[in-house]
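# Topology and contacts: notes
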Amino acid sequence: MYGRACSKRFFYLFCVFGVITIPLCMQAESNSQLESSTKSTAIGDPKKIVGGIAIKVNGDPITLYEIQHTMQTQHFSKTQAQDFLVAQCLKKQEIKRLNIVVDEMRLDQEVQAVAAQNRMSYQQFLNALYQEGITLEIYKERLKDQIQTRELMRNILLSSDVSSEEEMRKYYNNHRDDFIIPTEIQTMRYSAKDPKLLERAISNTLVSINGVEKTPEKLTLNMLNPQIAQMFSSIQTGQFTPILDAGNGRYVAFLVQEKLGESTMSFEEAKNYIAQKIAQTSQDQILDEYFEKIKLKAHIEYVRLP
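Numbering of residues begins from 1 in every chain and follows the order in which that chain's sequence is written. For a predicted model such as this one, the threshold for reporting local features is a pLDDT of at least 70, and the threshold for listing and counting side-chain atom pairs is 80 or more; totals across whole chains, interfaces and linings nevertheless cover every residue. Side-chain measures were taken over the full set of non-hydrogen atoms in the model, leaving aside hydrogen atoms and water.

## Examining the packing of aromatic side chains
- Stacked, edge-to-face and tilted labels apply to pairs of Phe, Tyr and Trp rings (six-membered ring for Trp) whose centres lie within 6.5 Å, assigned for plane angles under 30 degrees, over 60, and everything in between, in that order. The tally for this structure, following the rule as stated, stands at seven aromatic pairs.
- Judged by centre distance (5.4 Å) and plane angle (75°), the ring pair of Phe-125 and Tyr-139 falls under edge-to-face. Of the two residues, Phe-125 is situated in helix α7 (residues 122–131) and Tyr-139 in helix α8 (residues 136–159); the sequence distance between them amounts to 14 residues.
- The exposure class assigned to Phe-125 is buried, which follows from its relative accessible area of 7%.
- Under the relative-accessibility criterion, Tyr-139 is labelled buried at 9%. Secondary structure elements are defined from DSSP: runs of H or I of at least 4 residues count as helices, runs of E of at least 2 residues count as strands, and each element is numbered from the N terminus. The cut-offs for exposure are 20% and 50% of the maximum accessible area for each residue type, with area from a 1.4 Å probe on protein chains only; residues under the lower value are buried, those over the upper are exposed, and the others partly exposed.

In structure tokens, the structure reads:
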């Protein structure tokens, strides 16, 4: 049985990482129920909307209905539902404060990428959504929330001061082998406008596929971003990199054919990579502390509880 002593991390991580997920079909139904309930209340008596506010977080309301609905759909206790919704509210406020915006173009690109990952055309993917009772608008709203949550998480981790110079040097010295990279890598660059075509080309390199261009390319790793250089050096000879978005509507993947020479990445070159690694290993603590500080500063008013 969880009470107020329940670990704050439980709720903050659920809020930030989206660990609690509702199937899309349920999400559509839940949105419909919430909208229907709100409309009927407004029609019956507008004053009930004000009376239905249970908690205010920096002025933003959490309603009695939202608490009860969360208790039912997530099988939470009342305290768990309240804490979860407060955390969700704080998350949305931080997204707004940091101006994390996801425009329609990016959403369209993400939908196309998800469709490709599921080996579907864009239209096939839309048809699959409709069969589940999900409109494209509902799916995009859910996708938008996930992208904003990822961006918020990235901002928090990268802005944390957990990675001191001394700590990063210690990591660098203890993981020297991780920073030994080839001087050059001979690759075959596969390029296409449709990532699905790239997947087919990667699955069978002996077959030529219309729409997929193959170009030999030698990469000098010290000319690349350290994170990208690390990725290339970690790929075994004869294997492909993940499919990457090259911009301008094109996607690429590289077949690593040969690794040439050997060099050690300097500490300065590796600093950003090391900072991210340390942040990732400490992310639970970082996020817990970050949202605890925000919650302590927030004005949370318990107006009326169910």
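## With respect to the pattern of salt bridges
- Any carboxyl oxygen of Asp or Glu that lies within 4 Å of a side-chain nitrogen of Lys or Arg is treated as forming a salt bridge with it. Scanning all chains against the criterion turns up nine salt bridges.
- Put simply, Lys-140 and Asp-108 hold a salt bridge, and the shortest N to O gap is 2.7 Å. With a gap of 32 residues between them, Lys-140 in helix α8 and Asp-108 in helix α6 (residues 104–117) connect regions that are remote in the sequence.
- Given the relative accessible area of 12%, Lys-140 is considered buried.
- One salt bridge in this structure joins Glu-213 and Arg-250, with 4.0 Å as the shortest N-O distance. Of this pair, Glu-213 sits in strand β5 (residues 213–220) while Arg-250 sits in strand β7 (residues 250–260), and the two are 37 residues apart along the sequence.
- When salt bridges with common partners are traced through the structure, they connect Arg-106, Glu-110, Arg-150 and Glu-151 into a single cluster.

## Comments concerning α6
- An ideal rise of 1.5 Å per residue puts 20 Å on 14 residues; α6 measures up with 20 Å between its terminal C-alpha atoms.
- Burial in α6 covers these residues: Leu-107, Val-111, Val-114, Ala-115 and Ala-116.
- Remark: Arg-119 follows α6 within two positions and exhibits a positive phi of approximately 55°. A helix's residues, less one, multiplied by 1.5 Å, set its expected span.

## Looking at the sheet that holds strand β6 (residues 244–247)
- In short, DSSP must find at least two bridges between two strands for them to pair. On the basis of which strands lie adjacent, the open sheet formed by four strands has the order β5-β4-β7-β6 and antiparallel pairing. Sheet topology places β5 and β6 at the edges, where each strand pairs with a single neighbour. Taken over all neighbouring pairs, the strand axes of this sheet differ in orientation by 40° on average, direction set aside.
- A contact between two residues is defined here by any heavy atoms of the two lying within 4.5 Å. Under this scheme, a helix contributes an axis fitted over its contacting stretch, all axes are lines through C-alpha atoms, and angles between N-to-C directions fall in the 0 to 180 degree range. Sheet strands in contact with helix α11 (residues 226–234) are β4 (184–192), β5, β6 and β7, and its direction is about 60° off that of β7.

## Digging into the nonpolar core
- Core analysis: the largest hydrophobic core is formed by 22 residues, its most contacted members being Ile-55, Val-57, Ile-62 and Ile-67.
- For this core, the secondary structure elements donating two or more residues are β1 (53–57), α4 (64–74), α5 (78–97), α8 and α13 (283–297).
- Looking at this core, the element that brings in the most residues is α5, giving seven residues.
- In this structure Ile-62 touches Ile-53, Ala-54, Ile-55, Val-57, Ile-67, Leu-85, Val-86 and Cys-89, once residues within four positions along its chain are discounted.
- Nonpolar core, defined: a set of buried Ala, Val, Leu, Ile, Met, Phe, Trp, Tyr and Cys residues in which side-chain atoms within 4.5 Å join the residues together. Among the nonpolar cores identified, the runner-up in size contains 21 residues, and Ala-229, Phe-232, Val-256 and Phe-267 belong to it.

## Comments concerning the confidence of the model for the chain
- By definition, pLDDT measures how confident the predictor is in each residue, and it falls between 0 and 100. Of all residues in the chain, 79% attain a pLDDT of 70 or more, and the chain-wide mean is 77.
- Per-element confidence in the chain is highest for β4, whose mean pLDDT is 93, and lowest for helix α2 (residues 24–44), whose mean pLDDT is 36.
- Counting contacts from residues 1–51, a segment whose pLDDT is below 50, to residues more than four positions away or on other chains yields 72 contacts.

## Looking at unusual backbone geometry
- The backbone of Asn-58 shows a phi angle near 50°, a positive value even though the residue is not glycine.
- Its place among the elements puts Asn-58 in the loop between β1 and β2 (60–63).
- Here the phi dihedral of Asn-99 falls at roughly 55°; this positive angle occurs in a residue that is not glycine.
- In this fold, Asn-99 is placed in the loop between α5 and α6.

## Some words on the packing of α4 against α5
- Where α4 contacts α5, the two axes come as close as 9 Å, and the packing angle between them is 115°. For α4 against α5, the interelement crossing comes out right-handed. Where α4 abuts α5, its residues Glu-66, Ile-67, Thr-70 and Met-71 lie against Lys-78, Ala-81, Gln-82, Phe-84 and Leu-85.
- Residue classes in the contact of α4 with α5 are distributed as five nonpolar, two polar and two charged. Here a crossing is called left-handed whenever its near helix is offset anticlockwise from the far helix by less than a right angle, and right-handed whenever the offset is clockwise. Residue type decides the class: Asp, Glu, Lys and Arg count as charged, Ala, Val, Leu, Ile, Met, Phe, Trp, Tyr, Cys and Pro as nonpolar, and the leftover types, Gly among them, as polar.

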